Amino acid sequence: QQQVRQSPQSLTVWEGETAILNCSYEDSTFNYFPWYQQFPGEGPALLISISSVSDKKEDGRFTIFFNKREKKLSLHITDSQPGDSATYFCAASDNNRIFFGDGTQLVVKP
Amino acid sequence: GPKVLQIPSHQIIDMGQMVTLNCDPVSNHLYFYWYKQILGQQMEFLVNFYNGKVMEKSKLFKDQFSVERPDGSYFTLKIQPTALEDSAVYFCASSLEPGGNTEVFFGKGTRLTVV
């Protein structure tokens, strides 16, 4: 059973729009949810993260909204820029494990 | 910042041959991982490794796969023999803790092409 699911698989937005990337998870013991950003030819790198005690985490144009009851979270990228074009991985972890979703490929058109 | 180095960046190998992918993790990290990625999309977990042992492995971690990290040397993924479906980008990663509020650092990947 896949522990972390992401949608959509790919997303295209225009420059300046808000991109919304969705994520859900299975195991209610997960308590930490990082998002990783991957550019072509590179490995994923940590972008922003949230713990299960918070319902929102903001860092510049990137905001995570977290709904513990529904086991869902989303990453909002406001004022999207062409440089934000990348694959975004949602992950979930407890004290012993970390699981990654399949990724959302974001394209921001100028 | 901390870096995970992977050597080589690209490897082409004949089907049936053995290949070893090398990873130099972040120096003080204790947990090591291999992930497989096809077509720049899905990041699939293969195995994690701690204190000289495989802690967890996925169904993708076939019998032909093995990992080790002799003291002070690379964390390696060996595939013997290779198959066409092993063609992918393999990412090594490391972390200080196994989960929780810990950052996982990834290398740039080794693109393996089995012909």
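Here the structure is a predicted model, which is why all the values come from computation and not from measurement. (Residues numbered from 1 in each chain as written. Chains lettered and ligands numbered in written order. Predicted model: local features only at pLDDT ≥ 70, side-chain atom pairs only at ≥ 80, totals over all residues. Heavy atoms only, no water.)

Visitor: So what's going on with the overall build of chain B? Which residues, and what values?
Guide: Helix and strand counts for chain B stand at zero helices and 11 strands. Ordered by position from the N terminus, the helices and strands of chain B form the series β-β-β-β-β-β-β-β-β-β-β. A globule of 115 residues ought to have a C-alpha radius of gyration of about 13 Å, and chain B, at 13 Å, matches this closely. Oriented by its inertia axes, the alpha-carbon framework of chain B measures out at about 40 × 25 × 25 Å. For chain B, the proportion of its 115 residues judged to be buried stands at 46%. (Helix = DSSP H or I, 4+ residues; strand = E, 2+ residues; numbered from the N terminus. Rg over C-alpha atoms; globule rule 2.2 N^0.38 Å. Buried < 20%, exposed > 50% of the residue type's maximum accessible area, 1.4 Å probe, protein only.)

Visitor: How would you explain the interface of chain A and chain B if you had to name every residue and give the values?
Guide: Facing the 24 residues of chain A at the interface are 19 residues of chain B. For the chain A and chain B pair, buried surface summed over both sides reaches about 1700 Å², with 50% attributable to carbon and sulfur atoms. In terms of surface lost to chain B, no three residues of chain A exceed Tyr 32, Phe 100 and Asp 102 of chain A, which account for 25% of the buried area on that side. The interface formed by chain A and chain B contains one salt bridge. The salt bridge involving Lys 108 of chain B is made with Glu 42 of chain A; its shortest N-O contact spans 3.7 Å. Our count for the contact surface shared by chain A and chain B stands at three residue pairs in polar contact (both at pLDDT 80 or more). The set of elements that each furnish at least two residues to the side of chain A that touches chain B consists of strand S4 (32–38), strand S9 (86–93) and strand S10 (98–100) of chain A. Among the residues making up the side of chain A that touches chain B, the classes are represented as eight nonpolar, 12 polar and four charged. (Contact = heavy atoms within 4.5 Å. Buried area = accessible area lost by both parts, 1.4 Å probe. Salt bridge = Lys/Arg side-chain N within 4 Å of Asp/Glu carboxyl O. Polar contact = N/O pair within 3.5 Å; in protein donor to acceptor, adjacent residues only side chain to side chain. Nonpolar A, V, L, I, M, F, W, Y, C, P; charged D, E, K, R; others polar.)

Visitor: An account of the sheet that holds strand S8 (residues 72–77) of chain A is requested, with residue identities and associated values reported.
Guide: All names here are of chain A. Spatially, S1-S3-S8-S7-S6 is the arrangement adopted by the five strands of the open sheet, whose pairing is antiparallel. Two strands in the sheet have a free side with no partner beyond their single neighbour: strand S1 (4–7) and strand S6 (56–59). In this sheet, adjacent strand axes meet at a mean angle of 15° when their direction is disregarded. (Pairing = 2+ DSSP bridges. Axes fitted to C-alpha atoms, helices over the stretch in contact; angles between N-to-C directions.)

Visitor: Could you give me a rundown of the side chain of Gln 37 of chain B, with the residues and numbers involved?
Guide: Locating Gln 37 of chain B in the fold gives a position in strand S4 (residues 31–37). Within the structure, the side chain of Gln 37 of chain B is placed 2.9 Å from the side chain of Gln 38 of chain A, a separation counted as a polar contact. Among residues more than four places away in sequence, those in contact with Gln 37 of chain B are Gln 38 and Phe 89 of chain A together with Gln 42, Met 43, Ala 88, Val 89 and Phe 91 of chain B.

Visitor: Quick rundown of the sheet that holds strand S8 (residues 75–79) of chain B? Include the residues and the values.
Guide: All names here are of chain B. Within the open sheet, the four strands sit side by side as S1-S3-S8-S7. Their pairing is antiparallel. Lying at the two open borders of the sheet, with one neighbouring strand each, are strand S1 (5–7) and strand S7 (65–68). Between one strand axis and the next, the sheet turns by 20° as a mean value, whatever way the strands run. Bridging between strand S3 (residues 19–24) and S8 involves five bridges; their strand directions are antiparallel.

Visitor: Break down the pairing of strand S11 (residues 104–109) of chain A for me, citing the residues and quoting the values.
Guide: A regular strand carries its side chains on alternate faces of the sheet. Residues and elements named next belong to chain A. Of the two faces of S11, the one lined by Thr 104, Leu 106 and Val 108 is fully buried and the one lined by Gln 105, Val 107 and Lys 109 carries no buried residue. Of the strand pairs in this sheet, S9 and S11 are connected by three bridges, and their pairing is antiparallel. Bridge pairing in S11 places Ala 86 opposite Leu 106.

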